[in-house]
Amino acid sequence: MGYSGIAQAGYMLAGVVVATETGLKALVFYLAAYTLMNLAVFAVIVARERQTEHGDDIESVAGLGRSNPMLAWPLTIGMLALAGLPGTSGFMGKLFLIEATVDGDYTWLGVIIVIGAMVSWPITCE
């Protein structure tokens, strides 16, 4: 989750660099979506660490879908959104940020965001 936060901050900086109304709107949307994604993921991690002897170790979520499906859904959706899977708020936020960079004549930055998202997606899903 720590490295994900670094990547997400980089995406958000694109809205700051553009410094247009579209960039600001994209930034606010992405920040709100990112906050909700993290709240969902960390709420599950906190709830799960209290249920198992593993604490906040990755082992605490092993088999979560079988043992507690009601916790598995928010974790799954939050992680997929953080990865930017199409159809999630994370994807839409990145799309809005890319649109703002292109509209603000920072097309090169939009291309870097796309490349960064493509590179980070398989890493996030491991």
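Figured I'd write up the structure that's included with this text. (Residues numbered from 1 in each chain as written. Predicted model: local features only at pLDDT ≥ 70, side-chain atom pairs only at ≥ 80, totals over all residues. Heavy atoms only, no water.)

Mapped onto the elements of the fold, Lys94 is located in helix 5 (residues 89-103). Here Lys94 is buried and forms no salt bridge, its nearest opposite-charge partner Glu99 lying at an N-O distance of 16 Å. Other than its neighbours up to four places away in sequence, Lys94 contacts Gln8, Tyr11, Tyr30, Leu82, Ala83, Gly84 and Ala117. (Helix = DSSP H or I, 4+ residues; strand = E, 2+ residues; numbered from the N terminus. Buried < 20%, exposed > 50% of the residue type's maximum accessible area, 1.4 Å probe, protein only. Lys, Arg positive; Asp, Glu negative; His and termini not counted. Salt bridge = Lys/Arg side-chain N within 4 Å of Asp/Glu carboxyl O. Contact = heavy atoms within 4.5 Å.)

Our next topic: the side chain of Gln8. Its place among the elements puts Gln8 in helix 1 (residues 2-18). Beyond its immediate stretch of four places on either side in the chain, Gln8 contacts Tyr30, Tyr34, Leu82 and Lys94.

Let us look at the packing of aromatic side chains. Counted according to the given criterion, the structure contains three aromatic pairs. On the basis of an interplanar angle of 80 degrees and a centroid distance of 6.3 Å, the ring pair of Tyr11 and Tyr30 is categorised as edge-to-face. Of the two residues, Tyr11 is situated in helix 1 and Tyr30 in helix 2 (residues 21-51); the sequence distance between them amounts to 19 residues. Of the two residues examined, Tyr11 and Tyr30, each falls in the buried class. A ring pair is formed by Phe29 and Phe96, whose centres lie 5.0 Å apart and whose planes are at 70 degrees; its orientation type is edge-to-face. Note that Phe29 is positioned in helix 2 and Phe96 in helix 5, a separation of 67 residues in sequence. (Phe/Tyr/Trp six-rings, centres within 6.5 Å; stacked < 30°, edge-to-face > 60°.)

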